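Now for the letters of each chain:
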Amino acid sequence: STGALVAQSGDDQDPGVIRVDDLILGNLGVAPGTPVTVEVVQSLAADRIVVSGPDQVSSVLPPQTVRLALLGKVVCRGDSVSLLQQDVALPEGSSVQLMGQGRLQLQQLFGQAWQGMLLTAVEAPTIPTVVTMTTDVQWAGTGAGASLSPDVATVTPPATGAAVVTTAEAKQLRQLLDVGLDNPDLLTKLGTPPSLGVLVSGPSGCGKNTMVGQVASALGLTVRSVWCPQLAALAPDKAASQIVSLKAAALEDSGAREVLVLDEVEDLAPAEGDAPLGAVLVAAVRELVAAGRAVVALTATPDSVSRDLVGPSMLSHRILIPLPDQPARRTLLGTMTKSVALASDVSLDALAAKTPGFVAADLVALVSAAGQQAAVRERAAPTPSPCVCAADLTAALATVHPSSMDGQLLDPGQVAMSDIGGLTDVKQVLTESVLWPITNPDAFTRLGIAPTHGVLMYGPPGCGKTYLIKALAHDGHANVLSVKGAELMSKWVGESEAGVRELFARARGAAPSLVFLDEVDALAPVRGGGSGDDGVGDRVVAALLTELDGIDQLRGVVVVAATNRPDMIDPALLRPGRLERLLFVPPPDQAARAAIFTSATANTPLDPGVDLAALAARTDGYSGADCASVVRQAALAAMRRSMDAPSVTPADIESALAVVHRSLDPAQVAKLDAFAARR
């Protein structure tokens, strides 16, 4: 038997027929059309349920989020339950906002793959009960552990086996907690009383909760975890009471070895605005830290956390978890695929190279989506040994994207430097100024020189500036954050400067990384020009100067800007230490056009009569984009001639030249040539 919510059917429904989904049919163990008995029972709230699921889900998904996904659902022991939230009737104490926060966290952790995930209720009442805000939800295998306030806190007892702590950030946290909890007297003798308040920051899905859990397991600590958005959604008086109760529980046993984890702490103590619970939380954290208790706050946006909560006697230690680089992604993928049947054509090294900007949760979603692809393929064409192949992972990459980059990560595609025709000198300078600092930083250290911080590429439109950046991203295997200058400009006071600071903060966290500022003339015009923007442009230029050569150095970050109006950029940005290398990307000459045509037709079958050298001679004044357009239009002309055309003929080339004309403005090219000569 199982239980479910019931909604009234329409007038067209046949009497004696009940419509249920595949999940309920599976829980009943019956096929469609099977007679069933329906009984109306009293709605009872579940006190506690324990669920199980795939390791890659249970290792990163907090129990609090599972509870939000199951709110209002009817659960029996042994049932399969979906993470898709029900919207028939919300239980008391919940809200649409709270449900939305649960969906957002699932989206950040697993992408779209969470909508198809199923869990199993391994421990639950044998009669149907409803999951509410007071239900204690636990993962199977984490121990029983009752919590004082089950509606806001989850308590995980010490693990029986020590976890392996390998990352530098995890080792730093372990050292802080180990010395502070086990040797407080030693610190006191040294004149440095223990202070166990820690703020751990990093992009959503990077593994902050997992790291704290691993460290606690290694040290044998009990973890009392609170998801702050859930607490902030309560009535202020109830939320304040819960904070006081949590503090009292943490102080109750003077010898307790436990750590209080405040997840997404900015929701309770934001840096801006009136937060009535902020003062209550600050007072509680101060008292806990003063009593020698360990408090670890987690956030993806450290600048959004109240300054009252960060500092001496509070959260005095800060640990930043960066985005995983390629070796780290390879290690994570190896761990996540230990129990996955991989085909021999799967290369985890190649997959790690294709996933810049991916955090741990993105990689979990990627592996899960690849498994879904493999399952669909196997259902259509069963094989003796089902496995996940390279094609499944490639298909998954099309649907799973890096959540931490918020759409700013540049997709390089398959463009390499060797694919770009011409521009030999330009490619050499970019290799030395951009690729070498990213791929060979030790060489600069060994020779005692600092790498170039920034490069400004300028030239006429269509001459390959953006194409070059894609090639750099491909060859450097680096995280490339791309933004157009106008995208950062805002009419609201302070938002443009904040956008600049956030962009560079992401770049530092994603190092080694490359920041590409396209159309930088719109972002950093000459100051004092009287543009009528109420000084926004001047403040943005000041923010850029601060980020480029301010107190916080750009370690492992290279900035490349592009423009076709270099004379419009504030001169202060073009000085040494900033965008110090100015690189003119000229229109292609005849030899460069021949190389562009050769590269553009690499995958296009040509008739023997097509002479690319002669074509290059005829296209004087064409940009690189114009040359590529000629090839594309010629191929379309061949298709119009016949969909079975085997190749592009000279006649097709003539048809393309009649359509595609030179786009370069001679006056603009002359002006840029003059600017380059002055530099």
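Since the structure is predicted, the reported quantities are computational estimates derived from the model, not experimental observations. (Residues numbered from 1 in each chain as written. Predicted model: local features only at pLDDT ≥ 70, side-chain atom pairs only at ≥ 80, totals over all residues. Heavy atoms only, no water.)

Colleague: Just checking my understanding: could you explain the pattern of salt bridges for this structure?
Modeller: Side chains that differ in sign of charge can pair as their charged atoms come close. If you walk through the whole model with that rule in mind, you get 14 salt bridges. R641 is paired through a salt bridge with D652; the nearest N and O atoms lie 2.8 Å apart. Residue R641 is located in helix α24 (residues 624-641), and its partner D652 is located in helix α25 (residues 650-659); the two are separated by eleven residues in the primary sequence. On the basis of relative accessible area, R641 is assigned to the partly exposed category, the value being 45%. Salt bridges sharing common partners tie together R48, E123 and D136. (Salt bridge = Lys/Arg side-chain N within 4 Å of Asp/Glu carboxyl O. Helix = DSSP H or I, 4+ residues; strand = E, 2+ residues; numbered from the N terminus. Buried < 20%, exposed > 50% of the residue type's maximum accessible area, 1.4 Å probe, protein only.)

Colleague: Is there a simple way to think about helix α3 (residues 63-70) in this case?
Modeller: Because an α-helix completes one turn every 3.6 residues, residues spaced three or four positions apart along the sequence face the same direction. Extensive coverage of α3 is indicated by the burial of eight of its eight residues. Looking one or two residues beyond α3, the residue adopting positive phi is G72, at roughly 80 degrees.

Colleague: Honestly, the environment of V75 in this entry has me stumped. Any pointers?
Modeller: Residue placement: V75 occurs in strand β2 (residues 74-75). V75 gets classed as buried once you look at its relative accessible area, which sits at 1%. When the C-alpha atoms of V75 and P128 are compared, they prove to be 5.6 Å apart, with 53 residues separating the residues in sequence. Contact partners of V75, with chain neighbours within four places excluded, come to V81, A121, A124, P125, I127, P128, T129 and V131. (Contact = heavy atoms within 4.5 Å.)

Colleague: Looking at this structure, how should I read the packing of helix α9 (residues 236-252) against helix α10 (residues 276-290)?
Modeller: Each pair of packed helices can be described by the angle between their axes along with the distance between the axes. Their axes nearest at 10 Å, the elements α9 and α10 cross at an angle of 5 degrees. With respect to their mutual orientation, α9 and α10 come out roughly parallel. Residues P236, A239, A240, I243, K247, A250 and L251 of α9 form the contact with α10, whose participating residues are L277, V280, L281, A284, E287 and L288. Among the residues forming the contact of α9 with α10, the class breakdown is eleven nonpolar, no polar and two charged. (Axes fitted to C-alpha atoms, helices over the stretch in contact; angles between N-to-C directions. Parallel < 35°, antiparallel > 145°, perpendicular 65-115°, else oblique. Nonpolar A, V, L, I, M, F, W, Y, C, P; charged D, E, K, R; others polar.)

Colleague: Just checking my understanding: could you explain a nonpolar patch on the surface for this structure?
Modeller: Taken together, the side chains of I18, V20, L28, V36 and V38 present a nonpolar region at the surface, about 380 Å² in accessible area. By secondary structure assignment, the location of V38 is in the loop between α1 (22-28) and β1 (48-52). Using a relative accessible area of 57% as the deciding quantity, one classes V38 as exposed. (Patch = residues over 30% accessible without salt bridge, like charges linked within 9 Å, V, L, I, M, F, W, Y side chains within 5 Å. Areas by Shrake-Rupley, 256 points an atom, 1.4 Å probe, with all protein chains shown as cover.)

Colleague: Whenever I open this one, the sheet that holds strand β15 (residues 513-518) confuses me. Can you help?
Modeller: Sheet strands pair by backbone hydrogen bonding; their relative direction is either parallel or antiparallel. On the basis of which strands lie adjacent, the open sheet formed by five strands has the order β14-β15-β16-β13-β17 and parallel pairing. With one partner strand each, in any of the chains shown, β14 (479-484) and β17 (581-584) form the two edges of the open sheet. Mean inter-strand twist for the sheet, computed between neighbouring axes without regard to direction, equals 20 degrees. Lying over the sheet, helix α15 (residues 424-439) contacts β13 (454-458), β15, β16 (557-563) and β17, oriented at roughly 145 degrees with respect to β17. (Pairing = 2+ DSSP bridges.)

Colleague: Explanation requested: the sheet that holds β1 in the structure shown.
Modeller: Read from one edge of the open sheet, four strands run β3-β4-β1-β6, paired in mixed fashion. Strand pairing shows two members of the sheet lacking a second neighbour, β3 (80-82) and β6 (136-139), which therefore form its edges. Pairwise comparison of adjacent strand axes, ignoring direction, gives a mean angle of 40 degrees for this sheet. Looking at chain direction, β3 and strand β4 (residues 118-123) are connected through three bridges and run antiparallel. By the bridge assignment, V81 is partnered in β4 with L119.

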